[in-house]
Amino acid sequence: MKAVFDREALLQAFQTVGGVVPSRPVRPVLANAKLVVEDDRVSLKATDLDTVGISYEVRGVRVEKPGVVLAPCHQMASILKEMPDEEVTLTGDEQRCLIEGTASEFEVPSEDPAQYPDVPGWNGENHHQIAAGVLRELITRTIFAAAVEGARYALNGVMWELGPEKFRLVATDGRRLAVADAVGIMHGKHNTESQMPVVPTKAMTLIERSLTDPEEQVFVAFGPNEVLLKTARAEVYGRLVEGRFPPYKDVFPKKHTARVKLTAGPFQAAIRQAATISDPESRGVVFAFAKGKVTLSSMSSQAGRAKVEMPLQYDAKGIQIAFDPRFLTDMLRTLAPDTELTLDLLDENSPALFRVDDSYSYIVMPLARGSSGG
Amino acid sequence: MASLWPSPPPREILHVDVDAFFASVEQRDDPRLRGKPVAVGTGVVASCSYEARRYGVRTAMRLSEARQLCRPLIVLPGQYLRYEQVARQLYAVCRDQTPLVEAAALDDLYLDVTAGRQERGEAAARTLLEQVRWEIGISLSIGLGANKLIAAVATREVKQAKCRVQSDPRMAAQLWNASPGFHLVRVPPGEEEEYLAPWPVSVLPGAGPQVRARLDRLNVHRVGQVAEMPRLMLEQMFGAVGGKLSEYAHGIDRREVVPQRRAQSISRRTSFDPPVSDPDFVLAMLDYLVERAASWLRYQDLTARGVTVFLRYGDYESAQGHEALRQPTQHDDVLKEAARERLHKIYTRRLPLRLLGVELTPLRPAEQQTDLFPDAERQRLDRLAECKDVIRRRFGFTSLLSGNALWLSQSLDRDRANFRLRTPCLTR
């Protein structure tokens, strides 16, 4: 195999697929990425053999001799990052891989490409189609709410609910729940409403990272155990999380006693101010809604106390409710500062519902106030 | 030179002291003791009621002496678990006012209620007086001032006034119903130095017998006189303490109210004499110790991430091991299982045991975050634990026993509160 690459483009490719390569792989060969050089198309593939795989098209290549070569992924990325050249020449076989610039040359060990596991490719007949920019927004608005580890339910990922008129992503860690909706185009009989597939966080990050051009249309298909996503340059494979997603629709509050209109930016600023005074022991910020204003206060035996007032339109019965401020800022961070949202409250023990238009809902459970020890 | 920044608003410190703590708890619980001279203590008087003080009985006096001064004196040995419980209630009531609560002693608390430029000290003090009177049924003396020293001295003034009233039996009966102002002395900010001046030097922290004796020789008896002495002179006489004394005498006290640090671990242990080898008994005792520790854990609203088990064999060799838990918990069952598992691993020699103990550590504050998807089974266990704790707090720990604790009841005495173990931390 021999080809001349645009250094920037190759670096970007190695960095993108690098997200897949585990730092301590189960098999040594998995520390590599597979560079497949064909006459008309060059792609870089990587998999961790377990949860995710990716195939990424490298552009700006002059192929001199087609072939397949394995290259250590993280090492390649750091070499390419340091080289000053615009173009680099890559030559490789089963033993080694040679990278040449005008004034430098690097040799890294390689392995037999046959040893590298196959990365499942796109085969979706029944699939959904959506604009990359829209999907990206859905992901940023939900992925933060996924749990790191789920004991009872499959919570460590994002659930995709796709139907004829529906393109919905849902994530929850059991304390807060994010639901983002958009419109996608259904091709064939592609419906996941009964399957409720959960895509692991690692695959979600990879999908998010491969959505580079917001205008482009991307395709997604679900199999019984996997998700496949196809963009113009990349194909991403992800194995679904095993287990059941909780009955998330049940937790939507059915009624409310107060509805508050908020603007994302100022609200977030107020929360961040109040949250400066908090320690792991007293993470809560108390929101006291009263006529015409909300007062945020926090108190900690070590760090002191804080009180922040924010005017708003409110004329219902006063409510005092406490939240973990991170749960709110996590969500507000994903919105543009001038986004208008509504907040529905019932009482101090019931979930609070934030809504942006009709396309985004975010439910947070409050903190139990009450005996705080002593 | 004037400061660039405006000076911070004066602090508002409350000093809360329970009147005749142990004795008033006894009088509260037993109506027959009310209005009678009561002393609590063994050997020396640990606490005595105001009625006893009228006879001249004082704290730290030998009991024999107290009995001579006061023939009708009722002497009780004291139930320290009970007092601790009352102290915890008091602490909890104070925590409602501010998280800055420092417990200098069981019945001796400092609260920092500073709230910017508004004054809320007096309101807080009145609320405390009311609440403690109705919820706990004991009476307090409260001093309010700009620092800990002033607050503590103000409390002394309250107590002195109460003692004077007590010496008049007709007024004594009205003490309980006296207006809150009677239990509270407030020293307005700016008047600290003036307020302290007439008090004896002994009110100043650091003015121990030796310091006082040297000041006596200079004919200095009052705080005001100390304030008049040049700071340099005091420093030459007493070193660093002298500088502090000078500051204190001017009503300046920079000591902060330091809230208690959270417990780092909770441990319960017992020794066996003679050593025991019956495995059922050992396991039952392990369960019992875990239950006691876990009950305290829940009371403190903490969770444990692990259990340490330690033991000592008949030949005084000891062993210990730690079992880490995947998730912090307050549940008896989880903790018991972990403790049993660890005991099996460390109890490797075929010898009877002389000592067995458990320690819950590390500790975390309990999770306050509520769940979107409630787990029915877990809620059931939580409710069960809560009921058990309430019953035990009310009727004594051994009013409810797990099945295998019956092994213990066959061979150990018990009273309402607990089994009579051989370890002071449980039976005291």
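Reading guide: rules and limits
- Per chain, the residues get numbers from 1 upward, laid out in the order the sequence is written.
- Throughout, the order in which chains and ligands are written sets their labels, letters from A for the former and numbers from 1 for the latter.
- With pLDDT at 70 or above as the cut-off, local features in this predicted model cover only qualifying residues; side-chain atom pairs require 80 or more to be listed or tallied, and sums for whole chains, interfaces and linings still use all residues.
- Computation of side-chain values: all heavy atoms of the structure, hydrogens and water removed.
- The helix and strand labels rest on DSSP assignments: H or I over at least four residues marks a helix, E over at least two residues marks a strand, and numbering proceeds from the N terminus.
- We call a residue buried when its accessible area falls under 20% of the maximum for its residue type, exposed when it is over 50%, and partly exposed in between, using a 1.4 Å probe and counting protein chains only.
- Only heavy atoms enter the contact rule, under which two residues are in contact if any of them lie within 4.5 Å.
- Under the convention used here, a 1.4 Å probe and the Shrake-Rupley method define accessible areas, while residue burial counts only the protein chains that appear.
- By this definition, two strands are paired if DSSP reports at least two bridges between them.
- Within this document, salt bridges are pairs made up of a side-chain nitrogen of Lys or Arg and a carboxyl oxygen of Asp or Glu, the two lying within 4 Å of each other.
- Confidence of the predictor at the level of single residues is captured by pLDDT, which takes values from 0 to 100.
- Only the stretch in contact is used when fitting a helix axis, every axis being a line fitted to C-alpha atoms; angles between N-to-C directions are given from 0 to 180 degrees.
- When describing relative orientation, an angle under 35 degrees is termed roughly parallel and one over 145 degrees roughly antiparallel, while 65 to 115 degrees is termed roughly perpendicular and anything else oblique.
- Throughout, a crossing is termed right-handed when the near helix is turned clockwise from the far one, and left-handed when it is turned anticlockwise from it by less than a right angle.
- Charged means Asp, Glu, Lys or Arg here, nonpolar means Ala, Val, Leu, Ile, Met, Phe, Trp, Tyr, Cys or Pro, and polar covers whatever is left, Gly included.
- Ring geometry is summarised as follows: Phe, Tyr and Trp rings, the Trp one being its six-membered ring, pair when their centres sit within 6.5 Å, and such pairs are stacked at plane angles under 30 degrees, edge-to-face over 60 and tilted between the two.

**Remarks on the overall build of chain A**
- A tally of regular secondary structure across chain A gives 6 helices and 26 strands.
- For chain A, buried positions account for 53% of its 374 residues.
- Across chain A, every contact between residues at least 6 apart in sequence was considered, and the portion connecting residues at least 24 apart equals 68%.
- In the form shown here, chain A has an accessible surface area of approximately 17100 Å², with 48% of it arising from carbon and sulfur atoms.

**Here we look at the pairing of strand S18 (residues 234-239) of chain A**
Residue and element names in this part refer to chain A.
- Relative to S18, strand S4 (residues 52-58) runs antiparallel, the two sharing 5 bridges. Each bridged residue has a counterpart across the sheet, and for Ser 55 the counterpart in S18 is Glu 235.
- Once strand S17 (residues 226-230) ends, the chain turns through 3 residues before running back antiparallel as S18.

**Details of the pattern of salt bridges**
- Summed over the entire model, instances satisfying the criterion amount to 45 salt bridges over all chains.
- Put simply, Asp 181 of chain A and Arg 168 of chain A hold a salt bridge, and the shortest N to O gap is 2.8 Å. One end of the pair, Asp 181 of chain A, is in strand S13 (residues 176-182); the other, Arg 168 of chain A, is in strand S12 (residues 166-172), and 13 residues separate them in sequence.
- Taking relative accessible area as the criterion, Asp 181 of chain A reaches 22% and is therefore assigned partly exposed.
- Of the charged contacts, one joins Asp 287 of chain B and Arg 340 of chain B as a salt bridge, the two residues approaching to 3.0 Å between their closest N and O atoms. Remark: Arg 340 of chain B occurs in helix H14 (residues 332-346) and Asp 287 of chain B occurs in helix H13 (residues 279-299); sequence separation between them is 53 residues.
- On the basis of relative accessibility, which here comes to 26%, the residue Arg 340 of chain B falls in the partly exposed class.
- Several salt bridges converge on common partners, so that one network encompasses Glu 161, Lys 166, Arg 168, Asp 181, Glu 193 and Lys 249 of chain A.

**A short note on the confidence of the model for chain B**
All names here are of chain B.
- Across chain B, the average pLDDT comes to 84, with 90% of residues at or above 70.
- Of the regions scoring below 50 in pLDDT, residues 422-428 engages in 19 contacts with residues more than four places distant in sequence or in other chains.
- Here the complex is predicted with pTM 0.63, and the ipTM for its interfaces comes to 0.71.

**Here we look at the packing of helix H9 (residues 209-217) of chain B against helix H11 (residues 231-238) of chain B**
Residues and elements named next belong to chain B.
- Packing of H9 against H11 leaves a shortest axis separation of 12 Å and a crossing angle of 125°. Viewed along their axes, H9 and H11 adopt a mutual orientation that is oblique. Both H9 and H11 take part in a crossing whose hand is right-handed. Listed contacts from H11 to Val 211, Arg 214 and Leu 215 of H9 are Leu 234, Met 237 and Phe 238.

**A few points about the packing of helix H1 (residues 21-29) of chain B against helix H4 (residues 80-97) of chain B**
Residues and elements named next belong to chain B.
- The interhelical angle for the contact between H1 and H4, taken along N-to-C directions, is 95°, at an axis separation of 10 Å. Here H1 lies roughly perpendicular to H4, going by the angle between them. Residues Phe 21, Phe 22, Val 25, Glu 26, Arg 28 and Asp 29 of H1 lie in contact with H4, whose contacting residues are Tyr 80, Arg 82, Tyr 83, Val 86, Ala 87 and Gln 89.
- Looking at side-chain class alone, the contact of H1 with H4 contains 7 nonpolar, 1 polar and 4 charged residues.

**Here's the deal with the packing of aromatic side chains**
Residues and elements named next belong to chain A.
- Under the counting rule described, the total for this entry stands at 17 aromatic pairs over all chains.
- An angle of 65° between the planes, with centres 6.0 Å apart, marks the rings of Trp 160 and Phe 167 as edge-to-face.
- The class of Phe 167 is buried, set by a relative accessible area of 0%.
- With centroids separated by 6.4 Å and ring planes inclined at 40°, the aromatic side chains of Phe 267 and Phe 354 adopt a geometry described as tilted.

**Describing the sheet that holds strand S15 (residues 198-200) of chain A**
All names here are of chain A.
- Read from one edge to the other, the open sheet built from 8 strands follows the order S15-S11-S12-S13-S26-S25-S24-S19, with strand pairing classed as antiparallel. Edge strands, defined here as strands with exactly one partner in the open sheet, are S15 and strand S19 (258-263). Between one strand and the next, the sheet's axes are offset by a mean angle of 20°, whatever the strand orientation.
- Judged from the 6 bridges that link them, S19 and strand S24 (residues 340-345) form a sheet pairing that is antiparallel. In the strand pairing of S24, Lys 261 is matched with Thr 342.

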